[in-house]
Amino acid sequence: MHKRIKFTLLLCLVMLLTLSACSGDDATQDWKVFTIEQEPGFDIQFRLPPRWLVDYAPTRDKPGQWDITLVPPKCSPDQEVEFLQNCVTLIAHIKGPSTFNKEAFLELTSGDISLSPDGSQTAKLMGRDSFRVNRINVEEFNHLITTSLGDVEMSAYFFETNSAYYTFITNLPYGAPESEVDQNFDLMLRSVEKTK
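Now for a quick tour of the structure.

Cut-offs and rules
- Residues numbered from 1 in each chain as written.
- Predicted model: local features only at pLDDT ≥ 70, side-chain atom pairs only at ≥ 80, totals over all residues.
- Heavy atoms only, no water.
- Phe/Tyr/Trp six-rings, centres within 6.5 Å; stacked < 30°, edge-to-face > 60°.
- Helix = DSSP H or I, 4+ residues; strand = E, 2+ residues; numbered from the N terminus.
- Buried < 20%, exposed > 50% of the residue type's maximum accessible area, 1.4 Å probe, protein only.
- Lys NZ or Arg CZ within 6 Å of the ring centre and 35° of its normal.
- Pairing = 2+ DSSP bridges.

### Observations concerning the packing of aromatic side chains
- All chains considered together, the criterion is met by 15 aromatic pairs.
- An angle of 20° between the planes, with centres 6.2 Å apart, marks the rings of Phe158 and Tyr165 as stacked.
- Ring geometry for Phe168 versus Phe185: centroids 5.7 Å apart, planes at 80°, classification edge-to-face. Residue Phe168 is located in strand β10 (residues 164–173), and its partner Phe185 is located in helix α3 (residues 180–189); the two are separated by 17 residues in the primary sequence.
- Judged by its relative accessible area of 5%, Phe185 is buried.
- Above the face of the Tyr165 ring, Lys95 is positioned so that its terminal group lies 4.9 Å from the ring centre.
- Geometry around Phe131 places Arg190 over its ring, the cationic atom sitting 4.8 Å from the centre.

Okay, here's the thing in structure tokens:
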């Protein structure tokens, strides 16, 4: 009897793990996969939410840097014209040609960030976190920016692979209820995986 209970518990555990593993991919399985195939150092891919536009190019005068602009239909529920705003960016720094300084970047984002020469405009650090996505360590930094149009939460998600440094940056209304953009970005971020 004791062995039967153990077997039943083990079987239930395996089924739960299988179901939870499958359910994470279900939400994004129909989404297109994005990567930059012409750049060998770009060694990640991720799922692009439906209807999101993407534009990317190497950054002029900055060897090894790629700027990827991700544009959802609306960055906030009250946005009247679709695709008018950009609120998600990915910056990739390919190791070797890029002069990106990881330590300087982490030091800068770990505190308040001055946005104007006189220091009158500041992105105030609200908090930081770290988590893992598909065996990749992600550092998250959340900042609050006060503007005349309302408060904005700027979040940076930094991670490193063998070939490059990556930073997703989002700029979304602060204090608003979780929107479709928030949900889709979270699913997109959690779909990131190494290609090499």
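Now that the structure has been shown, we can carry on.
### Some thoughts on the sheet that holds strand β2 (residues 44–48)
- Taken together, the three strands give an open sheet; going across it, the order is β1-β2-β11, and neighbouring strands pair in antiparallel fashion. Here the strands that pair on one side only, and so sit at the sheet edges, are β1 (32–34) and β11 (193–194).
- Inspection of the sheet shows β1 paired to β2 by three bridges, in the antiparallel sense. Pairing of Lys32 across the sheet is with Leu48, part of β2.

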